[in-house]
Amino acid sequence: MAKPISLIRKKLLTEEERQEATISKLKQQLAESNEALEKSLSILRELHDSGLLEAAESMLKAKAKIAEITLGQISRPEITNLINNGMAAAGALTSLEPEMTTKLMNGLTAGIQEAQSPDENRISMFSLMKSLRDPDVNRAVRFGLRFLKGLGRELEQGGKRD
């Protein structure tokens with residue numbers, strides 16, 4: 001009858017054997033990734049030739065100084081106000097229906113184009129009243145008056161909602 005195994009010896013690799021195994025693995029990975037490596041080297045060559053690689057390296061070396069400057073600029077009151085106003089404007093735009101926003105933008109574009117057409121006629125009080133008969137002008141005036149009413153109401157409430 002055979003003797004039971006009572007001692008297992010783990011083969012310890014020497015430093016040289018570990019390096020050989022690592023080199024062998026790297027060779028295999030290089031062979032499998034040849035096309036990707038060639039493209040990567042090509043990109044690196046282009047970045048180096050254009051000077052962008054050197055610029056990126058300089059930025060990495062100066063990252064602490066760049067972060068300090070960036071934080072200093074972002075914390076300025078003007079930039080903070082810009083960010084806050086942008087967020088408030090984005091919030092207001094999200095409350096509007098996209099169709100209405102598109103209508104308003106198209107109306108603004110058409111209005112600006114119409115306003116740029118040359119017209120040397122003097123506007124009198126009579127011609128102003130007569131222009132209110134034009135359905136397009138009347139529609140815009142009604143819209144403007146309702147807009148002003150809503151704006152005034154909101155200004156009075158100070159943004160407070162019940």
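Note: the structure precedes this text.
Residues numbered from 1 in each chain as written. Predicted model: local features only at pLDDT ≥ 70, side-chain atom pairs only at ≥ 80, totals over all residues. Heavy atoms only, no water.

Enquirer: Honestly, the overall build of the chain in this entry has me stumped. Any pointers?
Expert: Each helix and strand counted, the chain has 8 helices and 0 strands in total. The linear arrangement of helices and strands in the chain, starting from the amino end, is α-α-α-α-α-α-α-α. Taken over the C-alpha atoms alone, the chain extends approximately 120 × 50 × 40 Å along its principal axes. For the chain, the proportion of its 162 residues judged to be buried stands at 0%. In the chain, the 24 positive side-chain charges and the 23 negative ones have mean positions that sit 7 Å from each other. (Helix = DSSP H or I, 4+ residues; strand = E, 2+ residues; numbered from the N terminus. Buried < 20%, exposed > 50% of the residue type's maximum accessible area, 1.4 Å probe, protein only. Lys, Arg positive; Asp, Glu negative; His and termini not counted. Charge placed at Lys NZ, Arg CZ, Asp CG, Glu CD.)

Enquirer: Just checking my understanding: could you explain the pattern of salt bridges for this structure?
Expert: Following the criterion strictly, the structure yields 5 salt bridges and no others. Lys61 is the salt-bridge partner of Glu57, the closest N and O atoms lying 3.5 Å from each other. In this pair, Glu57 and Lys61 both sit in helix 3 (residues 52-61), 4 residues apart, roughly one turn of the helix. Ionic pairing is found between Asp136 and Arg139, a salt bridge with its closest N-O pair at 3.0 Å. Of this pair, Asp136 and Arg139 both sit in helix 8 (residues 135-157), separated by 3 residues, roughly a single helical turn. The class for Arg139 is partly exposed, based on a relative accessible area of 46%. (Salt bridge = Lys/Arg side-chain N within 4 Å of Asp/Glu carboxyl O.)

Take it as geometry only, folks, not as evidence of what the structure does.
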